[in-house]
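# Examining the three-dimensional arrangement
Here's the letter readout for the chains.
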Amino acid sequence: MAADVRPSGPPMMTERDGLRPKFDYDCLIVGGGPAGLTAAIYLARFHLSVLVVDAGKSRAALIPLSRNHAGFPEGISGAELLDRMREQARAYGAELREGLVIGLQRSTTGFTAQIEDKRLRAKTVLLATGVINRRPPMTDDACHDEGLASGRLRYCPICDGYEVTDRRIAVLGTGERGCNEALFLRSYSADIALVAPYQSHALDNEQRSLLMDAGIRIAGQCSALRLVDGGIELVVDGQPERFDTLYPALGSDIRSELAGQVGASRSADGCLTVDAHQRTDVPGLYAAGDVVLGLDQISHAMGEGGVAATTIRNDLARKTPLRR
């Protein structure tokens, strides 16, 4: 994904002299995951008009049971958590809409967003668009989702490494990313294999030494995988091997395309660059959650959503501080 490149597309829109612009919302939030919904709750309670547009692709919705979220000692599914957050946001007046924002333009006073076949104007925009995990090669979405629901396929060792304590674990990856994930999981189990995806391993001598010192097996190349009863089977160098669970360490794709349309700065991997208060370098544009830094943690995303919402409120209050 291109990074730090300012597009040569349409120039910034300007308002006609003497015409006061009319806005549909104080803030448009793109993305209805934990970061976006937290911001919506805050903004609605600040008596600001807010619209959340969500394409229904939040990774949180795929979590079968999170036992890592404070306040839920028995765990909570990602889908239930999002449902509760939506209910809370609506209770304070936030508007939630399913849809896809396909275009974003900025003017001297705000933004115009293209939501499928509709256009609307907002004083500010918060991007909480997250990332997309690069999936292992599985036969179809149903197989992938079944693996997630059963715990045979997992993406976040911080969230659920505890649940695979002393189990047989495969990490599908190589290089720095694969090495780091395998080493992280080594504190949960002594039975870990790092399996190369698609081709031979791309490990340097230092990485191989670290893996071997930790007792992590450097396995061969994975050519296929499938779910089996109670586990997952990988074909490694032509031979089937059974594991209790698989962690893909294949990276992710950052959903920061809209920011590129208005010229916001991005890192080399596509993450949005923000200040300590979640402001991008485009006035009125903010970002929160994994689109900023992919920590893959619900609590972290929610914290950034709260910071972003408070910043938006304070920035808007400098222009119109009084409640009418």
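This text follows the structure it describes.
In what follows, the accompanying structure is described. Given the structure is predicted, the values throughout are model-derived calculations rather than measurements.

To continue, consider the overall build of the chain. Broken down by element type, the chain carries eight helices and 15 strands. Relative to the globule expectation of 20 Å for 324 residues, the C-alpha radius of gyration of the chain, 22 Å, shows essentially globular dimensions. C-alpha extents for the chain along the principal axes are approximately 75 × 45 × 35 Å. Counting across all 324 residues of the chain, residues that qualify as buried make up 49%. In the chain, the share of contacts with a sequence separation of at least 24, taken over all contacts with a separation of at least 6, comes to 61%.

The next thing to look at is the packing of aromatic side chains. Inspection of the entire model under this criterion finds two aromatic pairs. Ring geometry for Tyr42 and Phe46: centres 6.3 Å apart, planes at 80 degrees, overall edge-to-face. The exposure class of Tyr42 is partly exposed, given its relative accessible area of 37%. Taking the relative accessible area as the measure of exposure, Phe46 reaches 30% and is therefore partly exposed. Relative to Tyr188, the ring of Phe184 has its centre 6.3 Å away and its plane inclined at 45 degrees; by these criteria the two rings are tilted. Here Arg45 stacks its cationic end above the ring of Tyr92, 4.8 Å away from the centre of that ring. Between Arg168 and the ring centre of Phe243, over which it is positioned, the NZ or CZ distance is 4.6 Å.

Another point: the environment of Gly175. Structurally, Gly175 can be placed in helix α5 (residues 175-185). Judged by its relative accessible area of 11%, Gly175 is buried. Distance from Gly175 to Ser150, taken between C-alpha atoms, is 28 Å for residues 25 residues apart in sequence. Leave out the neighbours within four places in its chain, and Gly175 touches Ala202, Leu203 and Gln207.

According to the stated counting rule, one finds 19 salt bridges in the structure shown. The partner of Glu95 in a salt bridge is Arg97, and the shortest N-O contact between them spans 3.3 Å. Judged by relative accessible area, which is 25%, Arg97 ranks as partly exposed. In this structure, Arg168 engages Asp191 in a salt bridge whose closest nitrogen and oxygen atoms are separated by 3.6 Å.

Let us look at helix α2 (residues 78-91). Note: α-helices contain 3.6 residues per turn, so residues at a spacing of three or four share the same orientation. Here α2 spans 20 Å end to end across 14 residues, near enough to the 20 Å set by a 1.5 Å rise per residue. When we look at burial in α2, the residues that qualify are Gly78, Leu81, Leu82, Met85 and Ala89. Seen from one end, α2 has its buried residues packed into an arc of 95 degrees, which puts them on one side. More than 90 degrees from the buried face of α2, the exposed residues found are Glu87 and Ala91. Buried-residue contacts for α2 involve α1 (34-45), β3 (95-98) and α8 (298-317).

How each quantity is defined
Residues numbered from 1 in each chain as written. Predicted model: local features only at pLDDT ≥ 70, side-chain atom pairs only at ≥ 80, totals over all residues. Heavy atoms only, no water. Helix = DSSP H or I, 4+ residues; strand = E, 2+ residues; numbered from the N terminus. Rg over C-alpha atoms; globule rule 2.2 N^0.38 Å. Buried < 20%, exposed > 50% of the residue type's maximum accessible area, 1.4 Å probe, protein only. Contact = heavy atoms within 4.5 Å. Phe/Tyr/Trp six-rings, centres within 6.5 Å; stacked < 30°, edge-to-face > 60°. Lys NZ or Arg CZ within 6 Å of the ring centre and 35° of its normal. Salt bridge = Lys/Arg side-chain N within 4 Å of Asp/Glu carboxyl O. Expected span 1.5 Å × (residues − 1). Arc of directions from axis to C-beta.

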